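If you want the building blocks of each chain, they are given just below.
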Amino acid sequence: GTVWSVKVRRAKDGKVVFTARTSKSAVDVDNLEIACDYKWRVKGVVDGAPLRAEGTFRTEDLAPRLIHLSRIHNMRDLGGRVGLNGRRVRQGRVYRSAGLNDNARKSKSKGGMVPGKERLTDAARAYAKGKLGIRTDLDLRSDRECFGMTGSPLGPEVKWIKISSSAYSGMAKDPGKSAFAQVFRVFLDEKNYPIDFHCIAGADRTGSLAFILNGLLGVDEEELWRDWEVTAFQKEKLDFGHRTRFSKLVKVFDAFPGANINEKIVAYVKSAGFTDADIEKFRAIMLEP
């Protein structure tokens, strides 16, 4: 049968985001940005005659932009939602995910802790560095979870930054706020982008940080809640409840002044040692014009 060559480009800059060769009548295209224009082209040869078709399409304006990366769960783009003054949070700059490898574990045969097992396939690793362009692996796990690790599972070209972080009510305590301050400095250095940040499940520590980052960018409260809730659809157990987890994070910001959750989050970040200029720098990096 005919083998078709399929190519999809982002319309605004011509970047190739998908290629395939197939004899089937349809292909699945993953990881497209939301609310974005694309161009497609299909080429093949039928009975010795070259055939070509092309066209355009626009993806739906519906966050989140879910990312399919083989064996890496709960991965999505932090961007896509509308933030401050109607400016959309940039896509392709910051990703959040589950851990890129398993946590370290005790081994009876080896008499102690051993590093966590690999999760990334070679193809997934290449895609993450190539198509997604990830430069920094921001690991929110503890020393114990990361026992034996000396760099990112993505490879030595990717900067690995490990900062043992807190979640939910822990964000109000000194260790949690101190860890957040270290983490936020990573986002103030534009050389670190694109960044993938994660804990092990991409749920608690990752979700708490995502809430703060999008809150700083002016994403409204309803969308902040929805973003947290998306993780519940990635989990096998129905244990991801507001009362026991998320409500405790929201309560952290009740102690700070502000007319809404966004202003309270700004006050929290300033209480961690940052200035209005720092926050504006982050917004300039992360918000579309």
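Please refer to the structure placed before this passage.
A quick note: this is a predicted structure, and the numbers were derived from the prediction, not measured.

## Side note on the sheet that holds strand E11 (residues 195-198)
Now for step 1: The mixed open sheet is built from five strands, whose spatial order is E5-E6-E11-E9-E10. Bordering the open sheet on either side are strand E5 (76-77) and strand E10 (159-162), each of which pairs with just one other strand.
Now for step 2: With four bridges joining them, strand E6 (residues 94-97) and E11 adopt parallel strand pairing. From the neighbouring strand, Ser97 faces E11, where its bridge partner is His198.

## Focus on the packing of aromatic side chains
By convention here, two paired aromatic rings are described through the distance between centres and the angle between planes.
Now for step 1: Under the defined criterion, the tally for this structure stands at 15 aromatic pairs.
Now for step 2: Between Phe180 and Tyr268 the ring centres are 5.7 Å apart and the planes differ by 55°, which places this aromatic pair in the tilted class. With a gap of 88 residues between them, Phe180 in helix H2 (residues 174-187) and Tyr268 in helix H6 (residues 261-271) connect regions that are remote in the sequence.
Now for step 3: The class of Phe180 is buried, set by a relative accessible area of 2%.
Now for step 4: Exposure remark for Tyr268: the relative accessible area of 0% places this residue in the buried category.

## Examining the side chain of Asp77
Now for step 1: Along the chain, Asp77 turns up in strand E5.
Now for step 2: Accessibility expressed as a relative area gives 1% for Asp77, which makes it buried.
Now for step 3: Here the side chain of Asp77 touches Arg65 through a polar contact of 2.8 Å, side chain to side chain.
Now for step 4: Looking at Asp77, its side chain comes within polar contact range of the main-chain nitrogen of Gly79, at 2.7 Å.

## Examining the environment of Ser5
Now for step 1: Residue placement: Ser5 occurs in strand E1 (residues 4-10).
Now for step 2: When its relative accessible area of 23% is taken as the criterion, Ser5 is described as partly exposed.
Now for step 3: The sequence separation of Ser5 and Arg41 amounts to 36 residues, and the corresponding C-alpha distance is 8.0 Å.
Now for step 4: Excluding its chain neighbours within four sequence positions, the residues that come into contact with Ser5 are Ala20, Arg21, Arg41, Val42 and Lys43.

## Examining the sheet that holds strand E2 (residues 16-22)
Backbone-to-backbone hydrogen bonds pair the strands of a sheet. The strands run either parallel or antiparallel.
Now for step 1: Strand order in the open sheet formed by four strands is E2-E1-E3-E4, and the pairing between neighbours is antiparallel. Every interior strand has two partners, whereas the edge strands, E2 and strand E4 (49-58), have only one. Direction aside, neighbouring strands of the sheet carry axes that sit 15° apart on average.
Now for step 2: Both E1 and E2 contribute to a ladder of six bridges, which runs antiparallel. Bridge assignment links Arg9 to a residue of E2, and that residue is Val16.

## Overview of the state of the cysteines
Now for step 1: This model, assessed by the stated rule, comprises zero disulfides.
Now for step 2: Cys146 supplies the cysteine sulfur nearest to Cys199, a cysteine that is in no disulfide, at a spacing of 11 Å.

Parameters at a glance
Residues numbered from 1 in each chain as written. Predicted model: local features only at pLDDT ≥ 70, side-chain atom pairs only at ≥ 80, totals over all residues. Heavy atoms only, no water. Pairing = 2+ DSSP bridges. Helix = DSSP H or I, 4+ residues; strand = E, 2+ residues; numbered from the N terminus. Phe/Tyr/Trp six-rings, centres within 6.5 Å; stacked < 30°, edge-to-face > 60°. Buried < 20%, exposed > 50% of the residue type's maximum accessible area, 1.4 Å probe, protein only. Polar contact = N/O pair within 3.5 Å; in protein donor to acceptor, adjacent residues only side chain to side chain. Contact = heavy atoms within 4.5 Å. Axes fitted to C-alpha atoms, helices over the stretch in contact; angles between N-to-C directions. Disulfide = S-S within 2.5 Å.

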